[in-house]
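# Coordinate inspection notes
If you want the building blocks of each chain, they are given just below.
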Amino acid sequence: MRMSRLLVRTLREAPADAEVASHQLLVRAGYIRRLASGVYTFLPLGLRVLHRVERVIREELDAAGCQELLLPALHPIELWEQSGRAALFGSDALPTMTVDGRGGTFVLGPTHEEVVTVTVGAEVDSYRQLPLTVYQIQVKFRDEARPRFGLLRTRELIMADAYSFDVDKEAMQESYRIVFDAYLRIFERLALDVTPVEAASGAIGGDVNHEFMVPSVVGEDHFVSCCSCGYAANVEAATRGEGTAVGGDGAPAPEVVQHHTPGRPGIADVVSFFEDPEISAGDLLKSMATVDDQGRPTLILIPGDREVRLPGGWRLFEDGDFVAHPSLVKGYIGPVGQQEQGIRVVADVGVVRPGSWIVGANRSDHHLSGVVVDRDFRVDAWGSFAEVVTGDPCPRCGEPIELVRSVEAAHTFQLGYKYSEVMPGSNFVAEEGGEAVFSMGCYGMGVSRLLAVVAEEHHDDRGLVWPGEVAPFRVHLAALGAGRVPEVAAAADQLYERLVGAGVEVLYDDRDVSPGVKFADADLLGLPIRLVIGAKGLARGVVEWRSRSTGEERELTLEAVVEDLVSE
RNA sequence: CGGGUAGUAGCGCAGCUUGGCAGCGCGCCUGCUUUGGGAGCAGGAGGUCGCGGGUUCAAAUCCCGCCUACCCGACCA
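Predicted model only: the values in this text are computed from it and were never measured.

So, about the overall build of chain A. The helix and strand inventory of chain A stands at 13 helices and 31 strands. In terms of its C-alpha atoms, chain A occupies a principal-axis envelope of roughly 95 × 70 × 50 Å. The 568 residues of chain A split such that 51% are buried. The long-range fraction of contacts in chain A, counting pairs at least 24 apart against all pairs at least 6 apart in sequence, stands at 69%. With the model as given, the accessible surface of chain A reaches about 25,100 Å², and the carbon-plus-sulfur share is 50%. Charge-centre separation for chain A: the mean point of 53 positive side chains lies 6 Å from the mean point of 85 negative side chains.

Right, let's get into the packing of aromatic side chains. One pass over the full model with this rule turns up ten aromatic pairs. Seen from their ring centres, Tyr176 and Tyr443 are 5.7 Å apart, and the 45 degrees between their planes marks the pair as tilted. Residue Tyr176 is located in helix H6 (residues 169-189), and its partner Tyr443 is located in strand S24 (residues 439-446); the two are separated by 267 residues in the primary sequence. Just as Tyr176 is buried, Tyr443 falls in that class too. Members of the aromatic cluster, joined through ring pairs, are Tyr176, Phe180, Tyr183, Phe187, Phe212 and Tyr443. Between the NZ or CZ atom of Arg48 and the centre of the ring of Phe473, over which it lies, the distance is 3.9 Å.

As a further point, take the environment of Asp207. Tracing the backbone shows Asp207 in the loop between strand S9 (195-198) and strand S10 (209-215). On the basis of relative accessibility, which here comes to 65%, the residue Asp207 falls in the exposed class. Sequence separation between Asp207 and Leu415 is 208 residues, and the spatial gap between their C-alpha atoms is 6.6 Å.

Taken domain by domain, chain A comprises domain 1 (47-70 + 110-234 + 403-455), domain 2 (74-108), domain 3 (257-383) and domain 4 (475-567). Averaged C-alpha coordinates put domain 1 and domain 2 at centres separated by 22 Å. Facing the 15 residues of domain 1 at the interface are 14 residues of domain 2. Around 1,200 Å² of area is buried between domain 1 and domain 2 when both sides are counted, 67% of it from carbon and sulfur atoms. Joining domain 1 to domain 2, the criterion identifies two salt bridges.

Turning to the sheet that holds strand S18 (residues 357-360), a few remarks are in order. Within the open sheet, the three strands sit side by side as S13-S19-S18. Their pairing is antiparallel. At either margin of the open sheet sits one strand with a lone partner, and together these are strand S13 (257-260) and S18. Neighbour-to-neighbour, the strand axes of this sheet turn through a mean angle of 30 degrees, independent of strand direction. In this sheet, strand S19 (residues 366-371) lies alongside S18 in antiparallel orientation, the contact comprising three bridges. Within the sheet, the bridge partner assigned to Gly360 lies in S19 and is His367. Against the sheet, helix H7 (residues 267-274) contacts S13, S18 and S19, and its axis sits at roughly 100 degrees relative to S13.

What helix H13 (residues 558-567) keeps buried is the set Val561, Val562 and Leu565. One face of H13 carries all of its buried residues, which in axial projection span an arc of 95 degrees. Opposite the packed face of H13, turned more than 90 degrees from it, sit the exposed residues Glu563 and Ser567. Where H13 is buried, its residues touch strand S27 (475-479), helix H10 (486-501), strand S29 (529-533), strand S30 (542-547) and strand S31 (553-557).

Attention shifts here to the nonpolar core. A general feature of soluble globular proteins is that nonpolar side chains tend to end up buried together. By size, the foremost hydrophobic cluster in this structure holds 60 residues, and its most contacted members are Tyr31, Val53, Ile57, Tyr183, Phe187, Met445 and Trp466. Ignoring any residue separated from it by four or fewer positions in sequence, one finds Tyr183 in contact with Leu61, Ala160, Ala162, Phe212, Ala410, Thr412, Tyr443, Gly444 and Met445. Of all hydrophobic cores here, the second largest spans 25 residues; its members include Leu499, Val506, Leu538 and Leu556.

Time to look at unusual backbone geometry. The linkage connecting Leu130 with the following residue, Pro131, adopts the cis geometry, with an omega of 0 degrees. Among the secondary structure elements, Pro131 is positioned in the loop between helix H5 (113-123) and strand S7 (132-141). In this structure, Phe149 is a non-glycine residue whose phi angle is positive, near 55 degrees. As for its placement among the helices and strands, Phe149 is situated in the loop between S7 and strand S8 (156-166). Positive phi, normally seen in glycine, also occurs at Asn362, with a value near 60 degrees. When you line up the elements, Asn362 lands in the loop between S18 and S19.

Turning our attention to the pairing of S8. Most of S8 sits out of view: ten of its eleven residues are buried. Across ten bridges, S7 lies against S8 in antiparallel orientation. Its bridge partner being in S8, Lys140 is matched across the sheet by Leu157. The pairing of S8 with S24 spans eight bridges and is classified as antiparallel. Bridge pairing links Ala162 to Tyr443 in S24.

Rules used in this analysis
Residues numbered from 1 in each chain as written. Chains lettered and ligands numbered in written order. Predicted model: local features only at pLDDT ≥ 70, side-chain atom pairs only at ≥ 80, totals over all residues. Heavy atoms only, no water. Helix = DSSP H or I, 4+ residues; strand = E, 2+ residues; numbered from the N terminus. Buried < 20%, exposed > 50% of the residue type's maximum accessible area, 1.4 Å probe, protein only. Contact = heavy atoms within 4.5 Å. Areas by Shrake-Rupley, 256 points an atom, 1.4 Å probe, with all protein chains shown as cover. Lys, Arg positive; Asp, Glu negative; His and termini not counted. Charge placed at Lys NZ, Arg CZ, Asp CG, Glu CD. Phe/Tyr/Trp six-rings, centres within 6.5 Å; stacked < 30°, edge-to-face > 60°. Lys NZ or Arg CZ within 6 Å of the ring centre and 35° of its normal. Domains from an automatic or database assignment. Buried area = accessible area lost by both parts, 1.4 Å probe. Salt bridge = Lys/Arg side-chain N within 4 Å of Asp/Glu carboxyl O. Pairing = 2+ DSSP bridges. Axes fitted to C-alpha atoms, helices over the stretch in contact; angles between N-to-C directions. Arc of directions from axis to C-beta. Core = buried A, V, L, I, M, F, W, Y, C linked by side-chain atoms within 4.5 Å.

Here you go:
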């Protein structure tokens, strides 16, 4: 490609709305442009990178025995009503459009479990057709409340997602492992340092699932990591080992004292009430009224300096729940006497400690101090109910664990029968006769997000530094002073034609601009190899070869350059 | 959805306090000179000052409403 003809405009300054490096560089280098908040155009260079990423995904998934198809982006809303997810998402969060004339309301697909289940269900009637894993690369739509960081969090995005169909759970787990391994290979080729972590399943559902996390300063997620035993989990799913003693000795008073604490519902409010430097948030019990996954009203107790981690399927009390359970007084909830009111009490392992606690008195504007576990209240079950922080003991080996900021690059789920049980057509004739339904897995990877992640992890202060697998072109050929020295122009033209003829992807900077501009643009665009032809070198019959990533420089003859690039 | 900031040429910004000719740098066009790390000179094009209303002889500037974007938080398959 001749740069004089390429639709690209590089910017010396980044637009004011770009905060993070990947966003600034992708815009400055002319790869992408913003159309609306969270909606981006891929200009020719950006599209080439996107295609390169997609190629890696296709090659690895095809090699793993998956088959590509393309599902619609528009889904009849009835499909989402059948699965129950229309209600789960809520009308606000599910982007829809109404098609007039023929009528009908369509969902702008945010994910494709429903569609793929009915699609494959219609084609598969026998266990003999299984196992089957299909995948697609498709535009998806998300109702992001706050798009940010360029391609990292957008409302329209390109995703690759695979779906596996198996005869039973064991077979599904085998398919899961195969795609899981393929995903690891994809990230390796994209030069991303990925850590698969145990994760919470959210609105997709299913039991076992993993997130593929890339540690990054721009990450919006955290995972916990144990360097001794390798335990890794999303902070939303992570648990911690027992034996943590948090906070100080607390209020020493052995007897329970009631305090009038008007207008102080929060932890910090109560701490300030006592005006005692010995008392901190860690001496209070945070009591969270929840409904557990079996619908039982349950009080979760965690140390006051911690954030609650709700187990999957649990939810916080809503206003109606407080009305139904008057023993729980919003803002002044405590564990004392709750079992007698039919409330389960569960506690984080951090609640085990010497001394006493300050708790809500279950009476408006009152708190209790000197409350002791097992004496003043009972705990029905102990567990890990607080969000893990750096230094907590690993739940497997007890060593301190670390919190790592990261970007979620992919998410894989063992769905099981969640969709096949509710969507029509998911039954097939089993080997032993009789009917069975699919055991499914799904595997999503944010392709457009990967551009941002790769750019974020592979750049320097001068510009992008693309890994070879995803660079839009392999070679950046710059002819210096070509407009002035015909020999240079001729030699550069000839080298360009030879390389292109040999199948090397070359971006040829044939513009009549000063050398400084060409060098700066080459650095900014970030192609792996830069070739420079100038009058000085040409007089000696050499061109300059330079690696963008290592800065290594060589002088090669024209012949050697061609040989070098073609043989690799 | 709550809090904050901003919207003036393609990009980055000044002007607004104290109302009075629409500005600067980069980029773009033409010409000449220049040419190994974002060249110089000369000339030129490009504007609904986010939108609507109000105050005023006069509004980019003051007032009211709205929209858009970004940041923090909430939310996030």
